[in-house]
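Report on the structure
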Amino acid sequence: MELTSKIYVAGHRGLVGSAIVRKLEEQGYKNLVYRTSKELDLRDKSQVDEFFEQEKPEFVFLAAAKVGGIVANNEYPAEFIRDNLLIQTNIIDASYRNNVEKLLFLGSTCIYPKFAPQPMNEESLLSGVLEPTNEPYAIAKIAGIKMCESYNRQYGTNYISAMPTNLYGPNDNFDLETSHVLPALIRKFHEAKIANEPSVEVWGTGSPKREFLYSDDLADAVVYLMDNYNGNQFVNVGVGKDISIKEIAEKIKKVTEFNGEIVFNTSKPDGTPRKLVDVTKLNSLGWEATISLDEGLKKAYEWFLVNEVQAVTSASN
């Protein structure tokens, strides 16, 4: 990418898209285009086609998606598979028909089988049964990977895919009904502290292990891949280290300065027992994560206090 290249970031207001925009602006890219969901419904093919014909972006970061945690995936499976298939199909096909030079599709490590060997490497895709709680979302993301690969094979396009591990950071979703585990725990512990509650309930046994990547690290990785990678196979993006839900809950308890107890509700689902990605391929390309979990949690909580708590307080006054 040149600093003057026209770059479209789909999903620029979300956790991933906003981090990509920050990274591009920080590196001096000036010609960025994006639209809000009210201005452009990415599920509508005619709207997407019109946008691409008018704007003619040269590079595309496909970070727009319908995302959520276990609760949201269980409650809205039809929306998760439908909306994600529509968004990515419309953008990938419009990119091809409007001669986009290069596209980067962002998926998720939930594409891997529930009991994939740990750490999960790129060759494990489609080697076993998916985790049932997020299967519709995972199938949509697998379809996106295969669509990029197929367009490359048939049309000679340069569409690459990146599969990030669990993400957190600015512009995360902190809604307890639809969020992922880390932002949900930040909200839970903060609200329990404010209300002087004696305990915080955490779903499951606390034993599953998860890997967490700060969103600014992901943005740095995908901009790096856009500039340095042209392979057909997707690339895992992570830190290469994981931590139990119990340990992450204890870290968040410390960051939020909550003084009560942590109670694990073992009647609730644990989800996949472990999700650690093999980042050998990414590291061999010359990129490694730099933001530690402790540093990232501190930044995420500070952002939550300013943008979630203060925003609610201001709106109520």
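Data block above holds the structure.
Residues numbered from 1 in each chain as written. Predicted model: local features only at pLDDT ≥ 70, side-chain atom pairs only at ≥ 80, totals over all residues. Heavy atoms only, no water.

We now examine the environment of Y112. Inspection of the secondary structure puts Y112 in the loop between β4 (102–106) and α5 (135–155). As a C-alpha pair, Y112 and K253 span 141 residues in sequence and 30 Å in three-dimensional space. Leaving out residues up to four positions away in the same chain, Y112 has contacts with M120, N121, E122, S124, L125, L130, F234 and N236. Reaching out from Y112, the side chain makes a polar contact with the backbone oxygen of N121 at a distance of 3.4 Å. (Helix = DSSP H or I, 4+ residues; strand = E, 2+ residues; numbered from the N terminus. Contact = heavy atoms within 4.5 Å. Polar contact = N/O pair within 3.5 Å; in protein donor to acceptor, adjacent residues only side chain to side chain.)

Let us look at the packing of helix α2 (residues 45–55) against helix α4 (residues 77–97). As a packed pair, α2 and α4 sit with axes 10 Å apart at the nearest point and diverge in direction by 35°. Judged by the twist between their axes, the crossing of α2 over α4 is right-handed. Residues K45, V48, D49 and F52 of α2 pack against N90, I91, A94, S95 and R97 of α4. Classifying every residue of the contact of α2 with α4 gives 4 nonpolar, 2 polar and 3 charged. (Axes fitted to C-alpha atoms, helices over the stretch in contact; angles between N-to-C directions. Left-handed = near helix turned anticlockwise from the far one by under 90°. Nonpolar A, V, L, I, M, F, W, Y, C, P; charged D, E, K, R; others polar.)

Quick look at helix α1 (residues 15–26) now. For α1, built from 12 residues, the straight-helix expectation of 16 Å at 1.5 Å per residue is met to within 8% by its first-to-last C-alpha distance of 17 Å. Residues L15, V16, G17, S18, A19, I20, V21, K23 and L24 constitute the buried set of α1. Check the buried side of α1 and you find it contacts β1 (7–10), β2 (32–33), β3 (59–62), β4, β6 (166–168) and α7 (215–228). Where α1 terminates, the next one or two residues include G28, which has phi positive at roughly 100°. (Expected span 1.5 Å × (residues − 1). Buried < 20%, exposed > 50% of the residue type's maximum accessible area, 1.4 Å probe, protein only.)

Further remarks concern the side chain of T256. One can find T256 in helix α8 (residues 245–256). Reaching out from T256, the side chain makes a polar contact with the backbone oxygen of K253 at a distance of 3.3 Å. Those residues within four positions of T256 in sequence are excluded, and the remaining contacts are I186, F189, H190, K193 and Y301.

The parallel open sheet is built from 6 strands, whose spatial order is β2-β1-β3-β4-β5-β10. If you trace the sheet from one side to the other, it starts and ends with β2 and β10 (235–237), each paired once. One ladder, built from 4 bridges, connects β4 with strand β5 (residues 159–164); its direction is parallel. Looking at β5, one finds that L103 is bridged to Y159. (Pairing = 2+ DSSP bridges.)

What follows concerns the packing of aromatic side chains. One pass over the structure, following the stated rule, counts 14 aromatic pairs. Taking the centre distance of 6.1 Å and the plane angle of 80° together, the rings of F80 and Y137 count as edge-to-face. With F80 in helix α4 and Y137 in helix α5, this pair connects stretches of sequence that are 57 residues apart. In this pair, the class of F80 matches that of Y137, namely buried. Centroid distance Y112 to F234: 6.3 Å. Interplanar angle 55°. Geometry classified as tilted. Here Y112 is found in the loop between β4 and α5, whereas its partner F234 is found in the loop between α7 and β10, with 122 residues between them in sequence. Note on accessibility: Y112 and F234 belong to one class, buried. Note that K66 overlies the ring of Y76, its terminal NZ or CZ placed 6.0 Å from the centroid. Here the basic side chain of K66 rests over the ring of F80, its NZ or CZ set 5.4 Å away from the ring centre. (Phe/Tyr/Trp six-rings, centres within 6.5 Å; stacked < 30°, edge-to-face > 60°. Lys NZ or Arg CZ within 6 Å of the ring centre and 35° of its normal.)

This next bit is on empty space enclosed by the protein. Left-over empty space is what a probe sized like a water molecule reveals as it rolls over the atoms. According to the stated counting rule, one finds 1 cavity of 30 Å³ or more in the structure shown. Computed from the structure, the largest cavity encloses a volume of approximately 50 Å³. (1 Å grid on protein atoms, 1.4 Å probe; cavity = no way out; pocket = protein on both sides within 12 Å on 5 of 7 lines; lining within 4 Å. Points joined across faces, edges and corners; volume = space filled by probe spheres on them.)

Attention shifts here to the sheet that holds strand β13 (residues 274–275). The mixed open sheet is built from 3 strands, whose spatial order is β11-β8-β13. Edge positions in the open sheet fall to β11 (243–244) and β13, since each of these has one partner strand only.

In this section: the layout of surface pockets. Each pocket or cavity is described by its volume, and for the second largest pocket that value is around 310 Å³. Lining of the second largest pocket is provided by 17 residues; of these, V239, K241, I291, S292 and L293 occupy positions nearest its centre. Here the residues of the lining of the second largest pocket sort into 7 nonpolar, 4 polar and 6 charged.

Further remarks concern the nonpolar core. One broad rule of soluble globular proteins: the nonpolar side chains tend to lie buried together. Of all hydrophobic cores here, the largest spans 39 residues; its most connected members are Y8, L42, F52, I91, I92, L103 and I111. At 7 residues, the largest contribution of residues to this core is made by α5. (Core = buried A, V, L, I, M, F, W, Y, C linked by side-chain atoms within 4.5 Å.)

The next point concerns the pairing of β3. A two-sided burial pattern is seen for β3, the buried positions comprising F59 and F61 on one face and V60 and L62 on the other. In this structure, β1 lies alongside β3, joined through 4 bridges in parallel fashion. Bridge pairing links V9 to F61 in β3. Pairing of β3 with β4 involves 4 bridges; the strand directions are parallel. Considered in β4, the bridge of F59 is made with K102.

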